[in-house]
Amino acid sequence: MDKLLIEGGRRLCGEVRISGAKNAALPILAATLLSEAPVAVGNIPHLRDITTMLELLGGMGVKFLVDEKMVIEADASHIHSPLAPYELVKTMRASILVLGPLLTRFGEAVVSLPGGCAIGARPVDLHLKGLSAMGADIRVENGYIHASAKRLKGSRLVLDQVTVTGTENLLMAAVLAQGKTTIENAAREPEVTDLALFLERLGAKIQGIGTDVLEIEGVTSLGKPGLYYEVQPDRIETGTYLTAAAITQGQVKTTRTRPDLLDSVLDKLNQAGAEIETGSDWIELNMPDRPRAVSLRTAPYPAFPTDMQAQLMALNGIAQGVGIITETIFENRFMHVLELRRLGADISIEGNTAICRGVETLQGAPIMATDLRASASLVLAALAAQGETIVDRIYHIDRGYEQIEEKLTQLGAVIRRVA
Ligand code: UD1
């Protein structure tokens, strides 16, 4: 199993180019199922989760052409099987995103139930409740969701919790439903907006994009010949590299990104003492002194993202003062804390709150990644630690960070992958 070996204690300096957003590319690829004409999607990151989504869609009969720039042309004019098998769904929960498009375009979907995962129970009840309200017949049998409907009917859906993939699934289902659907308490995450903009380009009629009330007027078919869409930059990857600069007291410019998607993260990095400059598509961070600990609470967009919580915890690990972090989205998302402690961090947990007393230096040690963002926080801590750290089970990081060793090496880190 691959590991990352990191020699810490180096200031990161330089420029890093941000990849396309994984969590926008996944629903957009799933949404190509809705299009009768082939559609090309660019700025797709080269990641394991993307490969899994292509395998999933390919297994249904979607045809792909991939060019040297990773522009993917998807042709879903015909599919032969509306099935998302357990073997793929178990490796990526976001596979559930095919449910809405399959059902609304082809009238049928058979999708394995995603299991629990490392960061909590993560049910899909709100996805199923919404589709039932739109008239779908839904049975769960032998670990599979069987959904069918002649044509979904527009409906008023009020989500009792903000769910990102839930909103995306229902939005994709609604665009081909009969009549008007309203999704209230919809997730406002930028990745939902990117999906909605893509659907509009396909010919969908959507009002309220970027707000928590989406109004969708169903149409009978979608797709325009020659359509090309570019996925937005990854705000979480951007935030992770900026935090890498902050934790090593370095200076890093992230390029091909969007500062407007990172307000709450930049605000916290600023409170930590970082000097931040932005342009239309870049963000530069300089950390002149030892960072100050920050307190934060994760919550749906535009508040602080849960996907950046672990990285800020690593930053607090070496900061001056005490930082208090409360996780409100997932109930079991502090697994990185045990590993950060192995590096010498002083963090205690009370329920969904972690209290971190910053220490002057962390010390390298063998540690283990448990999930995607946890692994990013361990890499950040290792970059700041004295001596050598080996991060095991690094496959988690390949699900969400394109070429992480290359990008960090370019910034001056000493990092290499070992078997
Ligand atoms: C998405 C992101 C993930 C991010 C998360 C929160 C993708 C592929 N993944 O995950 O990186 O951490 O949003 O920003 O985009 N819930 C229910 N019932 C449901 C659905 C969700 O109770 O039917 C709960 C979940 O258990 C969780 C909360 O709602 O406590 C938010 O989850 P959700 O927004 O759905 O997360 P994902 O879409 O899975």
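Thresholds applied
For every chain, the first residue of the written sequence is number 1, and numbering continues from 1 along that sequence. Where local features are concerned, this predicted model is filtered to residues with pLDDT of at least 70; where side-chain atom pairs are given and counted, the filter is 80 or more; whole-chain, interface and lining totals use all residues. With hydrogens and water stripped out, all remaining heavy atoms of the structure feed into the side-chain values. Residues are labelled near a given molecule or strand when at least one of their non-hydrogen atoms is within 4 Å of it. Between N or O atoms, a polar contact is any pair within 3.5 Å; within protein, one atom must be a potential hydrogen donor and the other a potential acceptor, and residues adjacent in sequence are included only when both atoms are from side chains. Here, Shrake-Rupley sampling with a 1.4 Å probe gives the accessible areas, and only protein chains in the shown set may cover a residue. Under the DSSP-based scheme used, a helix requires at least four consecutive residues in state H or I and a strand at least two consecutive residues in state E, with every element numbered from the N terminus. Only protein chains enter the area calculation, which uses a 1.4 Å probe; residues under 20% of their type maximum are buried, those over 50% are exposed, and those in between are partly exposed. When DSSP finds two or more bridges between two strands, those strands count as paired. For helices, the axis comes from a line fit to the C-alpha atoms of the stretch in contact; other axes are also lines fit to C-alpha atoms, and the angle between any two N-to-C directions lies between 0 and 180 degrees. Ring geometry is summarised as follows: Phe, Tyr and Trp rings, the Trp one being its six-membered ring, pair when their centres sit within 6.5 Å, and such pairs are stacked at plane angles under 30 degrees, edge-to-face over 60 and tilted between the two. Whether a charge lies above a ring is judged from NZ of Lys or CZ of Arg, which has to be within 6 Å of the ring centre and within 35 degrees of the ring normal. For this analysis, a salt bridge means a side-chain nitrogen from Lys or Arg found within 4 Å of a carboxyl oxygen belonging to Asp or Glu.

Okay, the site of the ligand next. Contacts to the ligand come from 18 residues, most closely from Asp-125, Thr-163, Thr-165, Asp-307 and Ile-329. Within the side chain of Gln-161, one N or O atom sits 3.1 Å away from an oxygen atom of the ligand. Protein burial of the ligand: of its 740 Å² of free accessible surface, 88% is covered by the chains. The element that contributes the greatest number of residues to the shell around the ligand is helix α5 (residues 125-133), accounting for three residues.

Counting buried residues in helix α6 (residues 164-174) gives nine out of 11 residues, a clear majority hidden from the surface. If you check which residues of α6 are buried, you get Gly-166, Thr-167, Glu-168, Asn-169, Leu-170, Leu-171, Met-172, Ala-173 and Ala-174. Its side-chain oxygen placed 2.9 Å from the backbone nitrogen of Gly-166, Thr-163 serves as the N-cap of α6.

Bringing the sheet that holds strand β12 (residues 205-207) into the picture now. The four strands are arranged β10-β11-β13-β12 in an open sheet whose pairing can be described as mixed. What marks the edges here is a single partner per strand, and that holds for β10 (156-158) and β12. If you compare each strand with its neighbour and ignore which way they point, the axes differ by 15 degrees on average. With three bridges joining them, β12 and strand β13 (residues 213-217) adopt antiparallel strand pairing. Note that in β13 the partner of Gln-207 across the bridge is Glu-215.

Quick look at the sheet that holds strand β18 (residues 296-297) now. Ordered by their spatial adjacency, four strands build an open sheet running β18-β19-β21-β20, and the pairing between neighbours is mixed. The sheet is open, and its two borders are formed by β18 and β20 (346-350), each paired with just one other strand. As paired strands, β20 and strand β21 (residues 353-357) are joined by five bridges and run antiparallel to one another. Following the sheet pairing, Ile-347 is matched in β21 by Cys-356.

A few words on the packing of aromatic side chains. In the structure shown here, the tally under the stated rule is one aromatic pair. Considering the side-chain rings of Phe-198 and Tyr-229, the 5.4 Å spacing of their centres and the 65 degrees angle between planes classify their relative orientation as edge-to-face. With Phe-198 in helix α7 (residues 190-202) and Tyr-229 in strand β14 (residues 227-230), the pair connects residues that are 31 residues apart, well separated along the chain. The two residues Phe-198 and Tyr-229 agree in class, both being buried. The aromatic ring of Trp-282 is capped on one face by Lys-253, whose charged end is 4.6 Å from the ring centroid.

Here the structure, examined in full by the defined rule, presents 14 salt bridges. The closest approach of N and O atoms between Lys-22 and Asp-49, which form a salt bridge, is 3.4 Å. Of this pair, Lys-22 sits in helix α1 (residues 22-31) while Asp-49 sits in helix α2 (residues 48-60); the two residues are 27 residues apart in sequence, bridging distant segments of the chain. On the basis of relative accessible area, Asp-49 is assigned to the buried category, the value being 2%. The salt bridge partner of Glu-141 is Arg-139, with a shortest N-O separation of 2.9 Å. Owing to a relative accessible area of 35%, Glu-141 belongs among the partly exposed residues under this scheme. Residue class for Arg-139 comes out partly exposed when judged on its relative accessible area of 39%.

Everything listed here is a matter of coordinates, which is why it stays silent on function.
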